[in-house]
Amino acid sequence: MSASIVPSKTCTGRLRRTLLAALAAITLSVPLPFAHAAHATEGNVNPVPPSPLGKITLDIDDSSAPNHIHQTGTLFSIGVTPHLAAGDSLDSAIKSIHFSPGVTPTNMANVESAVSILTDGQLSYGTNYGVMFDLWRTRGTDAGGNITVDNDHNYVDVIVEFTGVASVQSLTLNGYNMNAQFSMRTGTVTFRAPDGTETTETANVLNTTKTTTASYSASEPKLATTVTFRVYTGVGNSWKINLTELDITGKVPTTTFANLQSIAVEPGIEPYNKYNIDQAQTLLTDGLTSYGSNYGVYYDFFGKLLEDRYAKITVELDHETYIDTLDLSAFNLNSYFSLNYADISFIDAAGTSVINTVYGTGNTNRSGLATVNFKAAAGGVPAKTIKIDAHTGHLLEGSTSPASKLNLTELRFTQTLPGDGPDFHLPENVTLTAQWKNYLGQPLGAPIPLTFEELNTINSPSDLPTGYYGLVIQSTNDFVIEDRVPGEAKEYGFAALTTPTPRTDNPNSAFGMVHANLNDPNIGGWSKTQSWTPSRLTPEAWGDLMEDRRAKGWEELPLAHAELWHTDDYQLMPQQDVDNLADTFVKYVQADPDGKYWELGLEENLSHWAKPYYWENFQAKTAAVREAVYDLGLNTKLIYQLAEPTGRKPTVSQFLASDTAEMFDILSLHPYAWPDFPSPETWLPDILDFTRSEMAKNGLDMPIWFTEVGAPHKGNAPGEYFGYGDPATDTTHVVEGLSRPEEASYLNKVYTLGLQGGVEKIFWYNYKDLNQRRYYPEDHFGLIDYWGYPKPAYLAYVAAYNQMDNKKAQGVGKFGDVWVAKFDGADKDTYVVWTDPSAVPQAQDLTSLLLTDEITSTFNTIGTPIMIADAKNFIIPQEPVFINTAHTEGEIIPPAAPSDPYDDAIRAMSMARKSQAIIRQRPLNQQP
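Residues numbered from 1 in each chain as written. Predicted model: local features only at pLDDT ≥ 70, side-chain atom pairs only at ≥ 80, totals over all residues. Heavy atoms only, no water.

### A look at the overall build of the protein chain
We apply this condition: Strands here are runs of E lasting at least two residues and helices are runs of H or I lasting at least four, both read from the DSSP assignment and numbered beginning at the N terminus. Burial classes follow relative accessibility: with a 1.4 Å probe on protein chains only, a residue under 20% of its type's maximum area counts as buried, one over 50% as exposed, and anything between as partly exposed. Note on definitions: a residue-residue contact is assigned when non-hydrogen atoms from the two residues lie within 4.5 Å.
If you tally the helices and strands in the protein chain, you get eleven helices and 49 strands. Relative to its full complement of 928 residues, the protein chain shows a buried share of 52%. Of all intrachain contacts in the protein chain linking residues separated by at least 6 positions in sequence, the fraction that spans at least 24 positions is 76%.

As C-alpha cells, then:
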C-alpha cells in the first residue's frame, strides 16, 4: 500500500535531522497492510477495505540540518503480512483431514494423527510412520493361476476441509516408497467451490526409489471450501500407500471481477478499422486469452501517429476495493500486432490517482500472446476506477515500420476480499523490530521494538554525517516482510548527502551512467539512456532532445542499433538498405552537431558474429556511415562495443584484426566479470594490457571506453538460487553476486583501476534494479533497488564522482599488500588506497605511501568522513579509502612486473624499485 505524508501538528523545535530531502516538520505515516479477517460469510461480495493493524512513522524535523537523507524512489514504506500469503502454505487454514479408501483396508495406521503428520513439514518416514493404508485384496486368479488385484478400487481419498474459503494455487501429496509394495499409480484433485460445484483435475505422479509424489498446480488459483486428493496404488503388485506430507499453497481468497460495474474501451484516435467494440466487456472477461486476428477487441491504427496508437480501457467498480494484480492479454499474429506497454491508473473513491507504467512482451515472438502484468506491493492499490492505456507500436527487430494493430483478448485483475478467508489471530510471540545499520551492516543503535495496533516512531540516527543509513526491519518466522522469506530481514537504504551544486554539462567528465535518472541531483557527467529510433524521433526532435539533455547538465551517448542498423545476417544487406542507413544517420548527426560520439551496434560479439554474412554486412554498414559522417566535417567519433572481454579474449583479437576495426575511433569494452565477479584488481589491468597488446599487433592505437560495466548485488534469500537457469533444477548457470558492501568496493576499484589504466570514460550499469525477481541477477545491477531505496553502491558512485572526476590519473601501484592510486587536481590531490583482498589489513605508515604528508581530509568508500589520528599507524581496509592532500607534483610509478612471478630475487628487486620511486617523487624539502 502506498505511504501517505501528512502534516505533523506535534513536531516542534529542532528534534531530529531530516530523513527526506526538502521535507521538514512532517510525519511519514505508513500503514502495515494486514488486518484481522472474519470467517467467510456466504454471499459476501461487498467487503470493506482492511483496517491496518498499526503504523510505522518516521518523525522528521530540523530543516536547517547540513545533510539530508536522499531518497530516489517512492516514499518509505514497510509491509508486513501474515505467513499465510500467496505461495505460502495453507496449513493454518485446514480445518480437518479425513480419508475414504476405495476398498476396506487390510490394515491402516496413524489415521487419527493425519493433520499433525501431514502438515509438520517432514517428508521422510519409514514404513508405518506416516498415514498408512494397506489395500491388499485377493480377487481370484487369472487363467495362468496368478493372483489378481482390484486396481480400480485401490485408491484413497484424502479429503481436506478448510475453515473458510481458500484460494488454492498448488497441491503436493508426498509418500514413502520402501519397496515394490508401495507406490502411487495415478491421482486426481477435486475442488469444491463455495457454491457447491466441483471441478476435477489430473495430478502428476512421480515414483522414485524412496519417495512417491502426486502434485497439481493451477494456472490460476481456485476458490475451494474442500479439496479431495484421490491417489491410486497398484503399479504391478503394489497395494500400500504411506502418506508423509501434504503441501497446499495459496492465499487468503482473491477474486476477479467480484464487483465489476462496467468496462468501456475507446481508441486514442479514430482508427483505420475496428471490430467487436460493443462486446468489449464480454470478450475481456470470458476467461479466454487466445483469439485469431479480428476476434478480440480490435483496432487498426494504420497511418496514425505512434503516440495515438492506444486503446483506453475504463473499468468501473461498484465500490472501492484493493487491487492486487492486473493482467492484460493481446493476440499477436505478426509484426503488425503488438501490445508494447500499458499506463495503468488506479483511482480511489476520493479521486486520487496512482499511475503505473508496465511494459509488455510486445510482439517479439511474432505470434501467440502479448501480455502486460502488474503486481501491487503488499496490501494492494485502492481503486474504484481503473484506466488502462494499452499501447501498440512496438518495433519488431528487423522490421522498418512499427506495429499498427491492437487486438485485446482478456483482462484479469484480483482484489483483496477480507472476510472470505479463515480467521487469523496475531500470535502472542510475534516481534517486529527496526534497527539502523551502516553500509557494512554494523548496528548504529539497538533494535527498536515496533508494536502492532499502535503508532510507532522510528527516529533517525543522531549527528548524521554524509553516508549510508540502512533501516533493517526484522520479524519472527510467523510474519513475512514484503518480498522476503519467513524470518528474513529487509533493508531500506537512505543516503545522507550534502546539498549538491547545480549540475552543468561537462563533456570532459569520465563518469557515465546507463539508464540514468536524469533528475537525480547527485550524479552527473554522461548519460546513456537514448537509442536512436527514427520511427519515433525525427532528426529535429532528436536535436531538441540532445539540447535539452545538455541544458539539464547531461551529455548523452547515443546508441545506433536495431532500426536500420540491424540485419539478420543470413543474407547480404541490400545496397539500398546500406545507403538508407547512412543517409538517415547523417541527418541525426547534423541535427546534433555538438554530439561528437555515436555507438554502433549492441554487443554483437555475443551472438551476431557467428552468422554467415555478419562481417560483410558489418563492413558495408560501417564504411557507409564512416564516409557519410566524414563528409560532414564534424569530427564525429564512432564507437564499437565488445561485451564480456574478460571471458571472450578471442573476440577482442578477432575484431582488432578485422578490416573494419580501423574505421572506428574508439573501442568500448563491457567488462562484466562473469560469473563470480572477483575483485577488479585480479582481472581489470590484465584485460587492458591484453587489449592494448592486440591493438599494437594490428597497428592500432584507439582510446578505450567502458560504456557498460557493473556487478549484481546478490538479491536472493540466504542459501537460495541466484543465476540464469531454472531455480528448481539448474546447477550450471549460478552467479556469485556481491554483498552490499562488496558492490560498493567493487565500483570504486573499477573506476580507480580503469581511469588509472587509461580508460577515458566509464559508464556504470545501471542506475536502478530492473525488477524484483530475487533469483535473477539481471534484475540487481542497480545503485538503487527496485523500490527506489539507495544501496551503499549509490553512495560509492557519488563519492567516486566527487573525488576522482576531472582529475588527472597519475598512476597506480601495489606496494606490499597495499594498492595506491593518485589523482591530481588543480589545488588538491586525491589518493585512493586499499589493502589487497588476499591480505589481512595491517597498520601502515601513510607518510611513506603518499607523496605528501599534508592530509586535508579522508573518506571511506561511500564518502563518509573518517578521522586519521595517527598517519604513521593507519590500518587501511580492503575497501578503498579516499585521502585528500595538498597538491604535489609527481606520479605513482606502477612497479615493473617481474619476468618470473615465482622468482623471489626479482620480486625483491621490484619492491626496492617501488620504494625508490616513491622517494624520487617527493619534493626535496620533505623526508620519507
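### Brief notes about the packing of helix H4 (residues 575–591) against helix H5 (residues 614–632)
We count it as follows: To define axes, lines are fitted to C-alpha atoms, for helices over the stretch in contact only, and angles between the resulting N-to-C directions are given on a 0 to 180 degree scale. Here is the rule for handedness: rotate from the far helix to the near one, and if that takes an anticlockwise turn smaller than a right angle the crossing is left-handed, while a clockwise turn gives right-handed. In the scheme used here, Gly and all other residues not listed as nonpolar or charged are polar, with Ala, Val, Leu, Ile, Met, Phe, Trp, Tyr, Cys and Pro taken as nonpolar and Asp, Glu, Lys and Arg as charged.
Two elements in contact, H4 and H5, have axes separated by 9 Å at closest approach and are oriented at 35°. For the pair H4 and H5, the crossing hand works out as right-handed. Packed against H4, whose contacting residues are Val578, Leu581, Ala582, Phe585, Val586, Val589 and Gln590, the element H5 presents Ala620, Lys621, Ala624, Val625, Ala628, Val629 and Leu632 at the interface. Its residues assigned to classes, the contact of H4 with H5 comprises twelve nonpolar, one polar and one charged.

### Remarks on the confidence of the model for the protein chain
Selection criterion: pLDDT: the predictor's confidence for each residue, scored from 0 to 100.
Across the protein chain, the average pLDDT comes to 79, with 78% of residues at 70 or higher. Confidence over residues 1–87 falls short of pLDDT 50; this stretch has 266 contacts with residues more than four positions distant or in other chains. Ignoring residues within four places in sequence, the model shows residues 417–427, a span with pLDDT below 50, making 45 contacts including any to other chains.

### Considering the pattern of salt bridges
Here is the rule we go by: The salt bridge definition used is simple: a Lys or Arg side-chain nitrogen within 4 Å of an Asp or Glu carboxyl oxygen.
One pass over the structure, following the stated rule, counts 24 salt bridges. Here Asp769 and Lys791 are joined by a salt bridge, their closest N and O atoms 3.0 Å apart. On the criterion of sequence distance, the pair formed by Asp769 in the loop between strand S42 (762–764) and helix H9 (792–804) and Lys791 in the loop between S42 and H9 is long-range, its members being 22 residues apart. Pair check on accessibility: Asp769 and Lys791 agree, each one buried. Here Asp836 and Lys814 are joined by a salt bridge, their closest N and O atoms 3.8 Å apart. With Asp836 in the loop between strand S45 (828–835) and strand S46 (843–844) and Lys814 in strand S43 (residues 808–815), the pair connects residues that are 22 residues apart, well separated along the chain. Look at Lys814 and you get partly exposed, because its relative accessible area is 27%. What emerges from the salt-bridge pattern is a single network uniting Arg550, Glu555 and Asp592.

### Re helix H6 (residues 649–656)
Put simply, the test is: To be clear, the arc concerns the directions from the helix axis to the C-beta atoms.
Along H6, the residues classified as buried are Thr651, Val652, Phe655 and Leu656. The arc that holds the buried residues of H6, viewed along the axis, is 125°, so those residues lie on one side. Against the buried residues of H6 lie H5, strand S39 (637–643), strand S40 (666–670) and helix H7 (684–697).

### Description of the sheet that holds strand S36 (residues 554–556)
Let me state the cut-off plainly: The pairing criterion is simple: DSSP has to find at least two bridges between the two strands.
A sheet is described by the order of its strands in space; here nine strands give the open sequence S36-S35-S34-S42-S41-S40-S39-S38-S37, paired in parallel fashion. In this open sheet, the two strands that pair with only one neighbour each are S36 and strand S37 (559–560). Alignment of S37 against strand S38 (residues 597–600), held across two bridges, turns out to be parallel. Its bridge partner lying in S38, Leu559 is registered against Glu599. Contacts between H4 and the sheet are confined to S37, S38 and S39, with S38 contributing the most and set at about 150° to the helix. Against the sheet, H6 makes contact with S39 and S40, and its axis sits at roughly 150° relative to S39, the strand it touches most.

### As for the packing of H6 against H7
Note the following rule: For this classification, under 35 degrees means roughly parallel, over 145 means roughly antiparallel, 65 to 115 means roughly perpendicular, and everything else is oblique.
The contact between H6 and H7 brings their axes to 9 Å, and the two run at 25°. Considered as vectors, H6 and H7 are oriented roughly parallel to each other. The chirality of how H6 crosses H7 is right-handed. Of the residues in H7, those in contact with Lys649, Val652, Ser653 and Leu656 of H6 are Asp686, Ile687, Phe690, Thr691, Glu694 and Met695. By residue class, the composition of the contact of H6 with H7 is five nonpolar, two polar and three charged.

### Focus: unusual backbone geometry
Residue Pro675 is reached from Trp674 by a cis peptide bond, and omega for that bond is -10°. Residue position: Pro675 is located in the loop between S40 and H7. Even without a glycine there, the phi angle at Asn110 is positive, about 65°. Mapped onto the elements, Asn110 comes out in the loop between strand S8 (107–109) and helix H1 (114–118). A relative accessible area of 29% means that Asn110 is categorised as partly exposed.

### Quick word on the packing of aromatic side chains
Ring pairs (aromatic) are described by centroid distance and by the angle formed between their planes. Here is the rule we go by: Two rings from Phe, Tyr or Trp (for Trp, the six-membered ring) form a pair when their centres are within 6.5 Å of each other. A pair whose planes differ by under 30 degrees is stacked, one over 60 is edge-to-face, and the rest are tilted.
For the coordinates displayed, the defined rule picks out 53 aromatic pairs. Seen in terms of ring centroids, Phe494 and Tyr789 are 6.1 Å apart; in terms of plane orientation they differ by 65°. Their pairing is edge-to-face. Placement of Phe494 in strand S33 (residues 490–498) and of Tyr789 in the loop between S42 and H9 is noted, with a sequence separation of 295 residues between them. Judged by its relative accessible area of 1%, Tyr789 is buried. Clustering of aromatic rings is evident, with ring pairs tying together Tyr672, Trp674, Phe677, Trp683, Tyr724, Tyr746, Tyr765, Tyr775, Tyr776 and Phe781.

### With respect to the nonpolar core
Applicable threshold: Side-chain atoms within 4.5 Å link the members of a nonpolar core, which is a set of buried Ala, Val, Leu, Ile, Met, Phe, Trp, Tyr and Cys residues.
Core analysis: the largest hydrophobic core is formed by 95 residues, its most contacted members being Phe585, Phe655, Trp764 and Tyr797. Residue contributions to this core peak at ten residues, all from H9. With sequence-adjacent residues up to four places away left out, Phe655 is seen in contact with Trp609, Trp615, Phe618, Tyr640, Leu642, Ala661, Phe664 and Leu667.

### Thoughts on the pairing of strand S34 (residues 511–514)
Neither face of S34 is open: one carries Phe511 and Met513, the other Gly512 and Val514, and all of them are buried. Of the strand pairs in this sheet, S34 and strand S35 (residues 525–528) are connected by three bridges, and their pairing is parallel. Counted as the bridge partner of Val514 is Lys528 from S35.

### Thoughts on the side chain of Ser668
Mapped onto the secondary structure, Ser668 falls in strand S40. When near neighbours in sequence (up to four residues on either side) are disregarded, Ser668 contacts Glu599, Ile639, Tyr640, Gln641, Leu642, Trp705 and Thr707.

### Here we look at a negative patch on the surface
Where we set the bar: Residues enter a patch when their relative accessible area is above 30% and they make no salt bridge; the linking distance is 9 Å between like charges and 5 Å between nonpolar side chains (Val, Leu, Ile, Met, Phe, Trp, Tyr). For every accessible area listed, the method is Shrake-Rupley and the probe measures 1.4 Å; residues are considered covered only by the protein chains on display. The positive count covers Lys and Arg only, the negative count covers Asp and Glu only, and His and the chain ends enter neither. Taken as the charge centre is NZ of Lys, CZ of Arg, CG of Asp or CD of Glu, depending on the residue.
Where like charges cluster on the molecular surface, the negative patch consists of Glu540, Asp544, Glu547 and Asp594. Here Glu547 lies in helix H3 (residues 539–551). Here Glu547 falls in the partly exposed class, since its relative accessible area comes to 44%.

### Re the sheet that holds S43
Read across the open sheet, the five strands follow the order S43-S44-S45-S49-S47; overall the sheet is antiparallel. Two strands lie at the open edges of the sheet, namely S43 and strand S47 (855–859), each paired on one side alone. Taking each pair of neighbouring strands and ignoring which way they run, the sheet shows an average axis angle of 20°. Note that strand S44 (residues 818–824) and S45 share seven bridges and pair antiparallel. Bridging from a neighbouring strand, Ala821 pairs with Val832 of S45. Relative to S44, helix H8 (residues 740–756) is tilted by about 65°, and along the sheet it contacts S43, S44, S45 and strand S49 (881–886). Sitting on the sheet, H9 is in contact with S44, S45, S47 and S49, with an inclination near 20° to S49.

### Quick word on the side chain of Thr622
Filter applied, for reference: As used in this structure description, the phrase polar contact means that two N or O atoms lie within 3.5 Å; if the pair is within protein, one of them must be able to donate a hydrogen and the other to accept it, and residues adjacent in sequence are counted only when both atoms belong to side chains.
Following the sequence through the fold, Thr622 ends up in helix H5. When its relative accessible area of 0% is taken as the criterion, Thr622 is described as buried. A polar side-chain atom of Thr622 sits 2.8 Å from the main-chain carbonyl oxygen of Phe618. Contacts of Thr622, omitting those with residues within four sequence positions, involve Trp565, Thr660, Met663 and Phe664.

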